Amino acid sequence: MAAVGAGGSTAAPGSGAVSAGALEPGTASAAHRRLKYISLAVLVVQNASLILSIRYARTLPGDRFFATTAVVMAEVLKGLTCLLLLFAQKRGNVKHLVLFLHEAVLVQYVDTLKLAVPSLIYTLQNNLQYVAISNLPAATFQVTYQLKILTTALFSVLMLNRSLSRLQWASLLLLFTGVAIVQAQQAGGGGPRPLDQNPGAGLAAVVASCLSSGFAGVYFEKILKGSSGSVWLRNLQLGLFGTALGLVGLWWAEGTSVARRGFFFGYTPAVWGVVLNQAFGGLLVAVVVKYADNILKGFATSLSIVLSTVASIRLFGFHVDPLFALGAGLVIGAVYLYSLPRGAAKAIASASASISTSGPCIHQQPPGQPPPLQLSSHRGDLITEPFLPKLLTKVKGS
């Protein structure tokens, strides 16, 4: 089976392995294109399936599982996965792994403690997502959750002194308008909803989740800039803090109920599917997203909104009216425009201005000028470009 290394090259075990550099240019180009579209498919499915699976698990009849336990289990599984990956990097040498972790986690404890802040925020964010998805239709949540693009951009400007192009500012305004329209449709009673749902609480939870997502992503990026730890090490450290903080949150919010009914009360195969999706989905995206450019990532987000909406119609009887379609369309367009590379955005803006004055013209990137550096700030699910939402993410979880 082919293995993908950190540098993105693919090699199969044995003497017959062929490196990517040894392939013919046409073959390498075709393989790269296939990987890009595979990455696109993975991102679309992961973005949509997590929201839909949580919504499905939270609306099933019968005993409802404790969301706080699901958050803790996702952190535990994610940490164990990262530990196994680090063990593989050390070629199965337990002594080297223990020495490495002792140095990276305990000796450099100041560096480790820096991750307590984003871990706390991500744990809060994961719990808020359960509240939001339990009170909002999956499609409405998916559209509204794109506000994390806006919060990430604003925190990038405030904390990292980044600048946004005019097209990006315009796309953020378009994004906010689209979300506002969708929420207006929701407040106006867009179709029947279960009596135990509270759209106001769902909106408050998703807005708080978007704020925490934006701040945590930018804060984590600042940490990554000043450290040399691998993605798996950082995710292991975040998993340790996330598990501890998740247990504190569990004890504070539902400790009595969990003690009486049990940690795994209400767990069904659907719930385990949610936990596994949340635990491994972000790590999976962390591996494959290297093959997708900004446009494809924005396109994946847009497709996941469409997929969530279609699935919600079939699974949950969601009703799409013209107001929701308008708001969702504006959000999809805003996501695509915002994800354009800076040079392409300038070219579009310049071309539009030229068409309105003296006809079309073509603007190119000045020769020799490198494209702006974009540092990933992902937390396992931590794949957030500074001007893109977490795909995940998750979330943390994604």
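Residue positions are given per chain, counted from 1 along the sequence in the order it is written. The predicted nature of this model means local features are confined to residues of pLDDT at least 70 and side-chain atom pairs, given and counted, to a pLDDT of 80 or more, with totals for whole chains, interfaces and linings taken over all residues. Excluded from the side-chain calculations are hydrogens and water; all other atoms, namely the structure's heavy atoms, are used.

A. View of the overall build of the protein chain. For the purposes of this entry, the term helix denotes a DSSP run of H or I that reaches at least four residues, the term strand denotes a run of E that reaches at least two, and both are numbered from the N terminus. Assigned secondary structure in the protein chain consists of 14 helices and two strands. Classification of residues uses two cut-offs on accessible area relative to the type maximum, computed with a 1.4 Å probe and protein chains only: under 20% is buried, over 50% is exposed, and between them is partly exposed. Expressed as a percentage of the 398 residues in the protein chain, the buried residues total 47%. Any two residues having at least one pair of non-hydrogen atoms within 4.5 Å are treated as being in contact. A separation of at least 24 residues holds for 81% of the contacts in the protein chain among residues at least 6 apart in sequence.

B. Here's a closer look at the environment of A205. As for its placement among the helices and strands, A205 is situated in helix α9 (residues 199-225). A sequence separation of 80 residues divides A205 from Q125, and the C-alpha atoms of the two residues are 8.7 Å apart. Those residues in contact with A205, other than ones at most four positions away along the chain, are L128, V131 and A132.

C. Up close: the UniProt feature "transmembrane region" (unreviewed entry) in the protein chain. UniProt positions are given in the numbering used here, feature names are shortened, and annotations may be inferred rather than shown by experiment. What UniProt calls "transmembrane region" (unreviewed entry) maps, in this numbering, to residues 37-58, 64-87, 169-188, 200-220, 232-252, 264-289, 296-317 and 323-340. Taken as a whole, residues 64-87 contains 88% helix and 0% strand, while its terminal C-alpha atoms sit 36 Å from one another. Between the C-alpha atoms that bound residues 232-252 there is a distance of 30 Å. The span itself is 100% helix and 0% strand.

D. Fine view of helix α8 (residues 166-187). Look at α8: 31 Å from first C-alpha to last across 22 residues, which is about the 32 Å you get at 1.5 Å a residue. When we look at burial in α8, the residues that qualify are L167, Q168, S171, L172, L175, G178, V179, I181, V182, Q183, Q185 and Q186. For a helix, the expected span equals 1.5 Å multiplied by the residue count minus one.

E. Molecular detail of the packing of helix α2 (residues 67-89) against helix α10 (residues 231-261). Lines are fitted to the C-alpha atoms to define the axes, a helix being fitted only along its stretch in contact, and any angle between axes, read from their N-to-C directions, falls within 0 to 180 degrees. It is at 8 Å that the axes of α2 and α10 come closest, and there the two elements cross at 160 degrees. Comparing their axes, α10 and α2 come out roughly antiparallel. For α2 against α10, the interelement crossing comes out left-handed. Each residue is assigned to one class: nonpolar for Ala, Val, Leu, Ile, Met, Phe, Trp, Tyr, Cys and Pro, charged for Asp, Glu, Lys and Arg, and polar for all the others, Gly among them. Here the residues of the contact of α2 with α10 are counted per class, giving 14 nonpolar, ten polar and two charged. When describing relative orientation, an angle under 35 degrees is termed roughly parallel and one over 145 degrees roughly antiparallel, while 65 to 115 degrees is termed roughly perpendicular and anything else oblique. Crossing handedness is read from the near helix: turned anticlockwise from the far helix by less than a right angle, it gives a left-handed crossing, and turned clockwise, a right-handed one.

F. Structural view of the packing of aromatic side chains. The pairing test for Phe, Tyr and Trp rings, Trp by its six-membered ring, is centres within 6.5 Å, and the orientation test on the planes gives stacked under 30 degrees, edge-to-face over 60, and tilted for anything in between. As enumerated under the stated definition, the model contains eleven aromatic pairs in all. The interplanar angle of 15 degrees and the centroid separation of 5.1 Å between the aromatic rings of F141 and Y145 together place this pair among those described as stacked. Residue F141 is classed as buried on the basis of its relative accessible area of 0%. Assessed through its relative accessible area of 3%, Y145 is described here as buried. When the centroid spacing of 5.6 Å and the interplanar angle of 70 degrees are considered together, the rings of F155 and F215 count as edge-to-face. Of this pair, F155 sits in helix α7 (residues 147-160) while F215 sits in helix α9, and the two are 60 residues apart along the sequence. Of the residues examined, F155 reaches a relative accessible area of 21% and is grouped as partly exposed. In this structure an aromatic cluster arises from ring pairing among F65, Y130, F263, F264, Y267 and W272.

G. Quick peek at unusual backbone geometry. Positive phi, close to 55 degrees, is recorded for R91, a residue that is not glycine. Mapped onto the fold, R91 is located in the loop between α2 and α3 (94-107). A positive phi angle, near 55 degrees, is found at N161, a position not held by glycine. Within the fold, N161 resides in the loop between α7 and α8.

H. Broad picture of the side chain of T69. By the secondary structure assignment, T69 is in helix α2. Separated by 2.6 Å, the side chain of T69 and the backbone oxygen of F66 make a polar contact. As used in this structure description, the phrase polar contact means that two N or O atoms lie within 3.5 Å; if the pair is within protein, one of them must be able to donate a hydrogen and the other to accept it, and residues adjacent in sequence are counted only when both atoms belong to side chains.

I. Broad picture of the pattern of salt bridges. One side-chain nitrogen of Lys or Arg within 4 Å of one carboxyl oxygen of Asp or Glu is enough to make a salt bridge. One pass over the full model with this rule turns up one salt bridge. We note a salt bridge from D111 to R234, for which the minimum N-O separation is 2.8 Å. Linking D111 in helix α4 (residues 109-113) with R234 in helix α10, this pair joins segments that are 123 residues apart in sequence. R234 gets classed as buried once you look at its relative accessible area, which sits at 4%.

J. Geometry of the packing of α3 against α10. Relative to each other, α3 and α10 sit at 65 degrees, their axes nearing to 11 Å. It follows that α3 is roughly perpendicular to α10 by the angle criterion. Between α3 and α10 the crossing geometry is right-handed. On the side of α3, the interface is formed by F100, L101, A104 and V105, while α10 contributes L233, L236 and Q237. Considered class by class, the residues forming the contact of α3 with α10 number six nonpolar, one polar and no charged.

K. Examining the nonpolar core more closely. Definition of nonpolar core: a set of buried residues of the types Ala, Val, Leu, Ile, Met, Phe, Trp, Tyr and Cys, connected through side-chain atoms within 4.5 Å. By size, the foremost hydrophobic cluster in this structure holds 49 residues, and its most contacted members are Y130, F141, L172 and L175. Dropping the residues within four chain positions of it, L172 is found in contact with I149, L150, A153, L164 and Y338. By size, the runner-up hydrophobic cluster in this structure holds ten residues, among which are C82, L97, W232 and L283.

L. Seen up close, the confidence of the model for the protein chain. In the predicted model, the protein chain carries a mean pLDDT of 75, and the fraction of residues at 70 or more is 71%. pLDDT measures the predictor's confidence residue by residue and takes values from 0 up to 100. The secondary-structure element of the protein chain with the lowest mean pLDDT is strand β2 (residues 10-11), recorded at 35, while α2 shows the highest, at 91. Low pLDDT, under 50, characterises residues 351-398; the stretch is placed with 139 contacts to residues that sit more than four places away or in other chains.

M. Layout of α10. The first and last C-alpha atoms of α10 sit only 37 Å apart over 31 residues, clearly below the 45 Å expected at 1.5 Å per residue. Fitting axes to the seven residues that end at a residue and to the seven that start at it, the angle between those axes gives the bend at that residue. Where α10 bends most, at E254, the angle is about 95 degrees. Note on α10: the residue one or two positions beyond its end, G262, has a positive phi of about 110 degrees.

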